[in-house]
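# Structural overview for review
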Amino acid sequence: MNNTPAQMSTVHVAFSPDPAYVRTVRLVAAAVARRAGISDEVLDEVRLAIGEACTRAVALHRRHGLTDLISVTMSDGGRFTVRVTDRGPAESAGKEPGETTGDIMAQVAAESGRLAVDEDVLTAGVGLALLTGLVADLAVSAASDGIGTEIRMSWPVSRRSAH
Amino acid sequence: MELSLATRSVSDHVVLEIGGEIDVYTAPRLRERLIELVGAGEKQVVVDLGRVDFLDSTGLGVLVGAHRRLRASDGALSLVCPHERLLKIFRITGLDSVFEIHRSVEDATTGGSAKTARTGA
């Protein structure tokens, strides 16, 4: 195989846990994803998934009064890989996203119309449902330095010939 | 584009037409507007998502909250969503079984899907 490794390029964004910046990150992510070769059909999903991961991180930081920056690293090396890392207590580390989601969605379905679920809890559950539903390659783990949680997502790229 | 909100009356319904992006930053404004409508005694609220470019879990949470408040006051919330990319979000989250989702405002305000023949005329 003369498969020369794709030259990996990385874009790193760090932002204060302010909801206003989630849109900024989505815009940057969409631009980077497009450049990485993500097809137009998948781009909306990539944008949504990255936004959800950032929204979750912002909510976590705000819940715990943290002003630390949230980190988003986008790498283009064979696949388009995005890591969103918070600095909050690892409340979701080690837990499969689907667990919470399943519980909450079951409740939504059961109570349809008479929802007793708190709106924020519901939003968090829906966010995880979206992440698990949109991203085939999704991993949630403790951040490498032990502080916070990293959500890693990746998508295949349909690279066009360079020109 | 940020969020735009406009209301109009169609028969006994109030239609809230949303444009732009509904996310963690803009959703609080949508929540406030919906609470105002319910507080003003509106019972039949139609949320038109036809001009929405982006919708995330925060927006879905707000819609579920409004749905719940309306049901509690014997009202109903229905959605208009003609775009597959948004419908997919409702399907993935299972919320397509919670909301009544119509293809057009006309469908939503006439309570059926039969009166859309005008488009073919």
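Calculation rules
Residues numbered from 1 in each chain as written. Chains lettered and ligands numbered in written order. Predicted model: local features only at pLDDT ≥ 70, side-chain atom pairs only at ≥ 80, totals over all residues. pLDDT = per-residue confidence, 0-100. Contact = placed C-beta atoms within 7 Å. Pairing = 2+ DSSP bridges. Helix = DSSP H or I, 4+ residues; strand = E, 2+ residues; numbered from the N terminus. Axes fitted to C-alpha atoms, helices over the stretch in contact; angles between N-to-C directions. Nonpolar A, V, L, I, M, F, W, Y, C, P; charged D, E, K, R; others polar. Buried ≥ 20, exposed ≤ 12 C-beta atoms within 10 Å, placed from the backbone. Expected span 1.5 Å × (residues − 1). Arc of directions from axis to C-beta.

Right, let's talk about the confidence of the model for chain A for a bit. Counting all residues, the mean pLDDT for chain A is 82, and 75% of those residues have values of 70 or more. Counting interchain partners and residues more than four positions distant, the pLDDT-below-50 stretch residues 92-104 of chain A has 21 contacts.

Residues and elements named next belong to chain B. What the five strands build is an open sheet, ordered 1-2-3-4-5; its pairing is mixed. The open sheet has two edge strands with one neighbour each: strand 1 (4-10) and strand 5 (100-102). Along the sheet, successive strands turn relative to each other by an average axial angle of 25 degrees, direction set aside. The sheet contacts of helix 1 (residues 27-39) involve strand 1, strand 2 (13-22) and strand 3 (44-55), and relative to strand 2 the element is tilted by about 175 degrees.

Once that is clear, we can look at the confidence of the model for chain B. All names here are of chain B. Averaged over all residues, the pLDDT of chain B is 89; the fraction at 70 or higher stands at 90%. Counting interchain partners and residues more than four positions distant, the pLDDT-below-50 stretch residues 114-121 has five contacts. Our summary of model confidence lists the complex with pTM equal to 0.84 and ipTM equal to 0.85.

A few words on the interface of chain A and chain B. Contacts between the two partners involve 26 residues from chain A, matched on the other side by 21 residues from chain B. For the side of chain A that touches chain B, the secondary-structure elements that each account for two or more residues are helix 1 (20-36), helix 2 (40-63), helix 3 (97-111) and helix 4 (119-134) of chain A. Residues that form the side of chain A that touches chain B fall into these classes: 14 nonpolar, seven polar and five charged.

Note on backbone geometry: most residues besides glycine have negative phi, and most peptide bonds are trans. Residue and element names in this part refer to chain B. The phi torsion at serine 11 lies on the positive side, around 45 degrees, for a residue other than glycine. Note on placement: serine 11 falls in the loop between strand 1 and strand 2. A count of 9 C-beta atoms within 10 Å places serine 11 in the exposed class. Residue aspartate 74 is not a glycine yet carries a positive backbone phi of 60 degrees. Taking the C-beta count within 10 Å as the criterion, aspartate 74 has 7 such neighbours and is therefore assigned exposed.

Residues and elements named next belong to chain A. Strand order across the open sheet formed by five strands is 1-2-3-5-4, with antiparallel pairing between neighbours. Of all strands in the sheet, those with a lone pairing partner are strand 1 (9-15) and strand 4 (137-142), marking the two edges. Direction aside, the axes of adjacent strands within the sheet are offset by 15 degrees on average. Judged from the seven bridges that link them, strand 1 and strand 2 (residues 70-77) form a sheet pairing that is antiparallel. Paired with phenylalanine 15 across the two strands is isoleucine 70, which belongs to strand 2. Contacts from helix 1 reach strand 1, strand 2 and strand 3 (79-85), with the element oriented near 175 degrees to strand 1.

Residues and elements named next belong to chain A. Examined against the element boundaries, leucine 60 turns out to sit in helix 2. Residue classification places leucine 60 among the buried positions, given that 22 C-beta atoms sit within 10 Å. C-alpha of leucine 60 to C-alpha of tyrosine 21: the two residues are 39 residues apart in sequence and 15 Å apart in space. Sequence-distant contacts of leucine 60, defined by excluding residues within four places in its chain, comprise Asp86 and Gly88.

What follows deals with helix 1 of chain B. Residue and element names in this part refer to chain B. Counted at 1.5 Å a residue, the expected span for helix 1 with its 13 residues is 18 Å, and the 18 Å between its end C-alpha atoms agrees. All of the buried residues along helix 1 are Ala27, Leu30, Leu34 and Leu37. Seen end-on, helix 1 carries its buried residues on one side only, within an arc spanning 80 degrees. Facing away from the buried side of helix 1 by more than 90 degrees, the exposed set consists of Glu32, Glu36 and Gly39. Taken together, the buried residues of helix 1 touch strand 1, strand 2, strand 3 and helix 2 (57-72). Of the residues trailing helix 1, glycine 41 is marked for its positive phi of about 95 degrees.

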